[in-house]
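Single-letter residue listing:
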Amino acid sequence: MAAKIVPVIMAGGKGTRLWPLSRASAPKQFIQFIGDRTLFQNTLERVADPELYEAAIVLTNEEFRFLVAEQARELDLKLAAVLLEPVARNTAAAVAAAAALVTELFGKDAIMHVLGSDYEIDANATYYDCVRLARDTALQGKLVTFGIKPTEPATGYGYIESGKALSTGAHAVKRFVEKPILEKAKEMVASGSFYWNSGMFMFSAAQLLAEMKEFAPDVEKAASKAVSKSTRDLDFTRLDADNFAKSPDISIDYALMEKTANAAVVPSPFTWSDLGSWDAVWKVGSRDESGNVSTGATTLVNTKNSLVMSHSLHVAVQGLEDVAVIASEDAVYVGHLKDSQEVGKLVKLLASEKKTAKLTETHPTSYRPWGGYTSVLNGERFQVKRIFVLPGKKLSLQKHHHRSEHWIVVKGTAEVTVGENVQMLRENESIYIPLGEVHRLANPGKILLELIEVQTGSYLGEDDIIRLVDEFGRS
């Protein structure tokens, strides 16, 4: 029986190129763009075959750890580990740390499949044929990358030039080319020997660490020590912060793949996109007879070749062509599809202004391990929120120094603790939480609990929470 593959999913990125849906605290891998799954969940499903894969290791950060856990739980998929990076150190350190953990959990000869969590991939038979070919090539001691057959002379991707054929059907890597200018990209695509660099890799954990030790010893040392001194926290593995921070901030391409003599590329003709811009989302979407892709509450009239998405308002578009109209709960983006690579510049401008900076950081809806909340209305000394609590979950036992709260149950059943008193609240029932009183909210039922919370007081920030008992290990 062929060796199983250990999937290593990178899920810590904070890109905002798909603003306003993607924010620093809710990046694109955790958002539903098209379909009923997030990109991260689609990635988990691609590596869920128990005949081919072991349970996945996910690399992420402190801020996203409960999003990772909850989205895996929704699919009823068990993870081998969730590895938390204390600081961002690019892909070289992340992959090296994952390799060190893989050797601990699965043995030094285990084959790793490193993949991003924010790709859109058609995982058909061709895709899995490429995965198996990459595994066979990695078993021969190669560091394998997946090269996507170009469909256009894209300038937003790096390229890989393939060399001589190997016995498995893969090719030796001749060279890596950074994002080229358009004329150079046209030449490379026309030659037939260049592929897009997908950012996906396959290699044995031992081979990866050995070559890291040779070509990037500071990275390997920092990552290996960070794993050896890591700590367990609930279902998470925390890398040692002091050691991990000592790693150079460098990508695996620069640190290793461009230096090794063992790099190989698997020509990969399956459909792949990194969904790095709104025009990329439009290209992979299901288009109507006018070339439009639309999701959510939308109406389109005399509109062609456009992307219209709404996660909140009803959006009506009339008489436009080649545009992106994207509506989130609190912001709307309108621009030409051809200019969507420039959204990053717009986000930087918004982030530089005090009155708009929050629009680049958080959504009105924030997710927590127990559920989450949506900010409905803010005013001086008051705030209104919609709170939703998952079945069987409960918030921390807590109190506030500066605010009181009034809860009205809209849906489900709430178990409410106020001081020494515990009572059940049902739909249309309410309760008052005085300032400074110890309290807790729980959902003992089988359906989602929803309630309206009205906060009043001199300070309403999220940092005015003193947690006395918390099942999620938060202070």
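Calculation criteria
- The numbers attached to residues start from 1 for each chain and follow its sequence in the written order.
- Owing to the predicted nature of the model, reporting of local features is limited to residues with pLDDT of at least 70; listing and counting of side-chain atom pairs is limited to 80 or more, with chain, interface and lining totals taken over all residues.
- As a rule here, side-chain values come from all non-hydrogen atoms in the structure, and water together with hydrogens is ignored.
- What is meant by a nonpolar core is a set of buried Ala, Val, Leu, Ile, Met, Phe, Trp, Tyr and Cys residues, joined one to another through side-chain atoms within 4.5 Å.
- Accessible area is worked out with a 1.4 Å probe on protein chains only. A residue is then buried under 20% of its type maximum, exposed over 50%, and partly exposed in between.
- Starting at the N terminus, helices and strands are each numbered in turn, a helix being any DSSP run of H or I of at least four residues and a strand any DSSP run of E of at least two.
- By the convention used here, residues are in contact when the closest approach between their heavy atoms is within 4.5 Å.
- Points on a 1 Å grid over protein atoms alone make up a cavity when a 1.4 Å probe fits among them but cannot get out, and a pocket when they form an open set with protein on both sides within 12 Å along at least five of seven lines; lining residues each have an atom within 4 Å of a point.
- Grid points are joined across faces, edges and corners, and a volume is the space filled by probe spheres set on the points.
- DSSP calls a pair of strands paired once it identifies at least 2 bridges connecting them.
- Every axis in this analysis is a line fitted to C-alpha atoms, fitted for helices over the stretch in contact. Angles between the N-to-C directions lie between 0 and 180 degrees.

A. Focus on the nonpolar core. By size, the foremost hydrophobic cluster in this structure holds 67 residues, and its most contacted members are Met-202, Trp-272, Val-416 and Leu-441. Counting residues per element, this core draws most heavily on helix H4 (residues 125–138), at six residues. Setting aside anything within four residues of it in sequence, one finds Met-202 in contact with Ile-5, Ile-111, Met-112, His-113, Val-131, Ala-134, Arg-135, Ala-138, Lys-142, Leu-143, Val-144 and Phe-146. Core analysis: the second largest hydrophobic core is formed by 44 residues, Ile-57, Val-114, Leu-209 and Val-265 among them.

B. The arrangement of the layout of surface pockets in detail. By volume, the second largest pocket amounts to about 1100 Å³. Looking at the second largest pocket, it is lined by 35 residues, and the ones nearest its centre are Ala-26, Leu-67, Thr-365, Ser-366 and Tyr-367. Those elements giving two or more residues to the lining of the second largest pocket turn out to be helix H2 (65–74) and strand S20 (365–368). Ranked by residue count, the leading element in the lining of the second largest pocket is H2, at seven residues.

C. Looking closely at the sheet that holds strand S22 (residues 382–389). Strand order in the open sheet made by the six strands is S20-S21-S22-S29-S24-S27, with antiparallel pairing throughout. On the outer flanks of this sheet lie S20 and strand S27 (430–433), each paired with one strand and no other. Pairwise comparison of adjacent strand axes, ignoring direction, gives a mean angle of 20 degrees for this sheet. By the bridge criterion, eight bridges tie strand S24 (residues 403–411) to strand S29 (residues 449–457) in an arrangement that is antiparallel. Residue pairing across strands places Arg-403 opposite Gly-457, the latter belonging to S29.

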